[in-house]
Amino acid sequence: MVTRTTADAKGEVVVLLIGMRINRFWAVHLWLPVMLGMFRMLRDLRREPERGLLSRVLLTASPRTYYVVQYWESKEKLYAYATAPDAFHHTAWARLNRKERAGKLRGQVGIWHETYVVPEGAYEAIYGDMPAFGLAAAHGQIPLEKRGRYAKDRFAYRSRQAPVAEKTG
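### Some details on the sheet that holds strand 6 (residues 127–128)
For step 1, the next point in the chain: The strand order across the open sheet built from three strands is 6-1-7, with neighbouring strands paired in antiparallel fashion. The open sheet is flanked by strand 6 and strand 7 (141–143), the only strands paired with a single partner.
For step 2, the next point in the chain: Taken together, the three bridges between strand 1 (residues 4–7) and strand 7 define a ladder with antiparallel strand orientation. Among the inter-strand pairings, Thr6 is bridged to a residue of strand 7, identified as Ile142.

Printed below as a string of C-alpha cells:
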C-alpha cells in the first residue's frame, strides 16, 4: 500500500533557488571557492536556525551546474540574511564582487539565483512513500487526506478562514 502525504505549509511559501555553473573546468581556483562558499553558508545557516532557513535540497542539473533549493520562513528573513554584515554571505559576496570587478571571473564561473514568494493557494504537493522532502521537510508532512486527494483540492486549501462579510442593509 502506498502512503501518500502532503506538505503542511500554511500561508505564503518562500523559495530560493541559488546555484553556480562551471563554465571552464580548468579554472578550479575560481569555481571551487564559489562551491565551497555555498557549502559554508548552508552549514552556518543550519547552525543558526533563527536566521530563517527551514530546509534545503542540493541538486545538480549537469556536471557543470549545481544548485540549492531553499525554503525560508519569510522573505524578510531571507533579505535580512542576505544583507547581514555578520553572515558569511556578506564576506563571500564581497570576495566575488572583487574578483568580478577585476575581470577574473568573467566566463569562468556563473552564479545565479531566483526567489519566489508563493501565496497560499498557489502551491500544492504530494509525496508517495517518501520521507519528508522539499516543501514537506521545510513545513512538516501530513496525510494527504488532510488537504485533499486531488491537486485542485490541495490548491483550494486555506489555513485561515476568510473573514465573513458583514451584511448591511
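Once the structure has been displayed, the description carries forward.
### Re the sheet that holds strand 3 (residues 53–60)
For step 1, the next point in the chain: Spatially, four strands are ordered 3-4-2-5 in an open sheet, and the strand pairing comes out antiparallel. A single partner strand is all that each edge strand has here, and the edge strands are strand 3 and strand 5 (109–118). Looking at each pair of strands side by side, their axes are set apart by 15° on average, direction ignored.
For step 2, the next point in the chain: Sheet topology places strand 3 next to strand 4 (residues 65–72); seven bridges connect them, and they run antiparallel. Following the sheet pairing, Leu59 is matched in strand 4 by Tyr67.

### Quick look at the packing of helix 1 (residues 28–47) against helix 3 (residues 88–101)
For step 1, the next point in the chain: Orientation of helix 1 relative to helix 3, taken along the N-to-C sense of each, is 165°, at an axis distance of 9 Å. Taken as axis vectors, helix 1 and helix 3 run roughly antiparallel relative to one another. Taken as a pair, helix 1 and helix 3 cross one another with a handedness that is left-handed. Contacts from His29, Leu30, Pro33, Val34, Gly37, Arg40, Met41 and Asp44 of helix 1 reach helix 3 at Phe88, His89, Ala92, Leu96 and Lys99.

Thresholds, definitions, all that
- Residues numbered from 1 in each chain as written.
- Predicted model: local features only at pLDDT ≥ 70, side-chain atom pairs only at ≥ 80, totals over all residues.
- Heavy atoms only, no water.
- Pairing = 2+ DSSP bridges.
- Helix = DSSP H or I, 4+ residues; strand = E, 2+ residues; numbered from the N terminus.
- Axes fitted to C-alpha atoms, helices over the stretch in contact; angles between N-to-C directions.
- Parallel < 35°, antiparallel > 145°, perpendicular 65-115°, else oblique.
- Left-handed = near helix turned anticlockwise from the far one by under 90°.
- Contact = heavy atoms within 4.5 Å.

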